[in-house]
Amino acid sequence: MSQWNQVQQLEIKFLEQVDQFYDDNFPMEIRHLLAQWIENQDWEAASNNETMATILLQNLLIQLDEQLGRVSKEKNLLLIHNLKRIRKILQGKFHGNPMHVAVVISNCLREERRILAAANMPVQGPLEKSLQNSSVSERQRNVEHKVAAIKNSVQMTEQDTKYLEDLQDEFDYRYKTIQTMDQSDKNSAMMNQEVLTLQEMLNSLDFKRKEALSKMTQIIHETDLLMNSMLIEELQDWKRRQQIACIGGPLHNVLNQLQNCFTLLAESLFQLRRQLEKLEEQSTKMTYEGDPIPMQRTHMLERVTFLIYNLFKNSFVVERQPCMPTHPQRPLVLKTLIQFTVKLRLLIKLPELNYQVKVKASIDKNVSTLSNRRFVLCGTNVKAMSIEESSNGSLSVEFRHLQPKEMKSSAGGKGNEGCHMVTEELHSITFETQICLYGLTMDLETSSLPVVMISNVSQLPNAWASIIWYNVSTNDSQNLVFFNNPPPATLSQLLEVMSWQFSSYVGRGLNSDQLNMLAEKLTVHSGYTDGHLTWAKFCKEHLPGKSFTFWTWLEAILDLIKKHILPLWIDGYVMGFVSKEKERLLLKDKMPGTFLLRFSESHLGGITFTWVDHSENGEVRFHSVEPYNKGRLSALPFADILRDYKVIMAENIPENPLKYLYPDIPKDKAFGKHYSSQLGEVSRPTERGDKGYVPSVFIPISTIRSDSTEPHSPSDLLPMSPSVYAVLRENLSPTTIETAMKSPYSAE
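Here the structure is a predicted model, which is why all the values come from computation and not from measurement.

Rules behind the numbers
- Residues numbered from 1 in each chain as written.
- Predicted model: local features only at pLDDT ≥ 70, side-chain atom pairs only at ≥ 80, totals over all residues.
- Heavy atoms only, no water.
- Helix = DSSP H or I, 4+ residues; strand = E, 2+ residues; numbered from the N terminus.
- Buried < 20%, exposed > 50% of the residue type's maximum accessible area, 1.4 Å probe, protein only.
- Contact = heavy atoms within 4.5 Å.
- Areas by Shrake-Rupley, 256 points an atom, 1.4 Å probe, with all protein chains shown as cover.
- Pairing = 2+ DSSP bridges.
- Axes fitted to C-alpha atoms, helices over the stretch in contact; angles between N-to-C directions.
- UniProt positions renumbered as here; feature names shortened; annotations may be inferred.
- pLDDT = per-residue confidence, 0-100.
- Core = buried A, V, L, I, M, F, W, Y, C linked by side-chain atoms within 4.5 Å.

A. Looking closely at the overall build of the protein chain. Secondary structure summary: the protein chain contains 26 helices and 20 strands in total. Within the protein chain, the proportion of its 748 residues that are buried is 48%. Sequence separation of 24 or more characterises 71% of the internal contacts of the protein chain that already satisfy a separation of 6 or more. Summing over all exposed atoms, the protein chain offers an accessible surface of approximately 35800 Å²; the carbon and sulfur share of this is 51%.

B. Local environment of the sheet that holds strand E1 (residues 316-323). The sheet built from four strands is open, its strands ordered E1-E3-E7-E5 with antiparallel pairing. Of all the strands in the sheet, the pair left with one neighbour each is E1 and strand E5 (374-378). Pairs of neighbouring strands in the sheet enclose a mean axial angle of 30 degrees, with direction left out of account. Relative to strand E7 (residues 395-407), strand E3 (residues 340-346) is paired through six bridges, and the arrangement is antiparallel. Its bridge partner lying in E7, Leu 344 is registered against Val 397.

C. Looking closely at the sheet that holds strand E17 (residues 660-661). Spatially, E15-E14-E13-E17-E18 is the arrangement adopted by the five strands of the open sheet, whose pairing is mixed. Single-partner strands in this sheet number two, and they are strand E15 (620-624) and strand E18 (665-666). Relative to strand E14 (residues 607-614), strand E13 (residues 594-599) runs antiparallel, the two sharing five bridges. Each residue of the ladder has a partner; that of Phe 599, found in E14, is Ile 607. The sheet strands contacting helix H19 (residues 550-570) are E13 and E14, and the helix crosses E13 at an angle near 150 degrees. Sheet strands in contact with helix H20 (residues 580-587) are E13, E14 and E15, and its direction is about 160 degrees off that of E13.

D. Region of interest: the UniProt feature "coiled-coil region" (unreviewed entry) in the protein chain. The UniProt record marks residues 262-289 with the feature "coiled-coil region" (unreviewed entry), using the residue numbering of this structure. Here residues 262-289 runs as 86% helix and 0% strand, with 39 Å between its end C-alpha atoms.

E. Focus on the pairing of E5. Burial along E5 is one-sided: Phe 375 and Leu 377 are buried, while Arg 374, Val 376 and Cys 378, pointing the other way, are not. In this structure, E5 lies alongside E7, joined through five bridges in antiparallel fashion. Among the inter-strand pairings, Phe 375 is bridged to a residue of E7, identified as Glu 406.

F. Here's a closer look at the confidence of the model for the protein chain. Averaged over all residues, the pLDDT of the protein chain equals 82, while 81% of them reach at least 70. The model gives residues 525-529 a pLDDT under 50, and that stretch makes 13 contacts with residues more than four places away or in other chains. Per-residue pLDDT stays below 50 along residues 737-748; that stretch engages in 26 contacts with residues further than four places along the chain or on separate chains.

G. Summary view of the nonpolar core. If you look at the biggest cluster of nonpolar residues, it comprises 155 residues, and the most contacted ones within it are Phe 312, Phe 538, Phe 577, Phe 609 and Phe 638. Here the element with the most residues in this core is helix H11 (residues 189-246); it accounts for 17 residues. Beyond its immediate chain neighbours, meaning those up to four positions away, Phe 638 contacts Ile 565, Leu 568, Leu 597, Ile 607, Phe 609, Tyr 628 and Leu 633.

H. Spotlight on unusual backbone geometry. Between Tyr 662 and the following residue, Pro 663, the backbone shows a cis peptide bond with an omega angle of 5 degrees. When you line up the elements, Pro 663 lands in the loop between E17 and E18. Positive phi is not limited to glycine here, since Leu 337 has a value of about 65 degrees. Structurally, Leu 337 can be placed in the loop between strand E2 (333-335) and E3. Positive phi, normally seen in glycine, also occurs at Tyr 438, with a value near 50 degrees. Structurally, Tyr 438 is set in the loop between strand E8 (429-437) and strand E9 (440-447).

I. Focus on the environment of Gly 290. Among the structural elements, Gly 290 can be located in the loop between helix H12 (255-285) and helix H13 (292-315). The exposure class assigned to Gly 290 is partly exposed, which follows from its relative accessible area of 41%. Taking C-alpha positions, Gly 290 is 8.6 Å from Asp 206, a pair spaced 84 residues apart along the chain.

This is the structure in structure tokens:
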């Protein structure tokens, strides 16, 4: 089943997450119509290869043209219109930057895999549970309800202000009429009645002014309360969700809802400000003893202005944190002289601000770090915000060509010291802007989450560990001295984040058994719910008896999966994290030839398989092959190794001992679709070699001595050379080979 078909079968709560990351950059219509073709392309490789990206973009447009031709025959006018519009958008947006479309599609496919993995996980971890708290959703609904109520109240005071204006105009007209009357008329009964009417109008005007000001005061109070409690709390929750999403967690994009609330509040406050200005005009035209407007308006206007400034200050956010396009799963780690992207957004969307708000980016502007390392940003560091910049119609700006450059320091600095010293230094990218609107001038500033600067890609794993630890351990977005005394992390949360690394980076998270194995590796006890782990234990201290840390070991496994066994991992056929003791417990009661795949605990980035068989006297025996690392897997695909693997026991014919993947899946059923070619094509040389060379076949083979249950030596595990294979073919008849394939060790 295609990945897209699996996505469409998800529950509605997961489908809502999918909906959030499809927009005009990569419309969902294209994902749906070209699902299989899109999944068959290597978008991640294209995101780092301009030539490949250009070809893929052209092929994408060709695929779209073919779909247009198909729907044209069906006379589906709406779909024809949408496809033409989408083609025009894609061609215009990505023609000069084809690698960007590869990044966008690669990110979308990766997010789909992460959501599928999350949907298949039996239990949510503590972090994800906290993000999906029902009280959070209830608060969001309350915020939206209160914002709508404030907007409605301001509309009512608008009517009150207009009524006051009309009432004052009528009073003014009547008063001036009396002033123009003759002296004799002023003593008449009609004149006395008119004076009484004017007095009643003045009383009514005074009452209405006080009533309007009272309503406005209440609106100001409710807005202040809403902003400083529920709305700001909602924004802080989004920022926390963004922190979690940066380290592989679930994506909860509520910015559009927040933008709606911020914009409605801003419109209401500006409208309230204009109403106060109108009241001042009315008071200037006509005032009286005890007039409430001069006594209250100034203070109220100051409060409204402060609320507007506070609203704008909080609305200026980093929508997408700094990230190198070459490493989309590792945001907040920046390499010197390598471009990164970052996106800013103003949650107050007013047409008057389009192209009027210029944003300037700088690094370490407001802090003095303990490091002697200093950086500057090269490239275009000033850009204007626009509504057209974003596909969802928000007021935003994206910096795509910034590069950090390290400044030379006469004092040297920690850049020349150990990797841990460099990767524990935190820096901040600051963004400034000035907004002039309706007579107000506001200076705004916001900052990215802390970033780690590296000068060599070998520092990336430890830098990413720092980013993980920081964002798991604290909600503080600007604690740049965090690693002076890093706090311990809750082990249950940390293991949840470890699972996210696998779901976001290699498309499948970890189950409870796999997490328990990691917990055992980190602690003495397997129960990890109430435990804590120190930063040193996670990333700096070597594992017992090993020459590497826990994080180095885990990162090497992620790299191994990504580059060499990704399809097998996604299918769930790699148990991976299982100890040798647990492995034997699982296999001991299984049929001979049952095997499982696990990651090596002693070799970095190694994977091995263990199978079970029985001796002649019925004794259960276990055999584990020397771990395969990325060097050997580059020469021969792992699925082919499992298919063609042979052992020679007691000078007998080479046999394949692998029959069933644990618990009882026939090997070819599990891995058949991942074989690079059919067995017959691999094991039988063609009649003519290529350009005069004799065709060759590589077969992994091990020798097991009669007095040992383990392969004899690592050298025996190398693929069988063509010459050895030729000798076997010369000395064994086809009937003998066929008999060997049907032996107890061969796969069905």
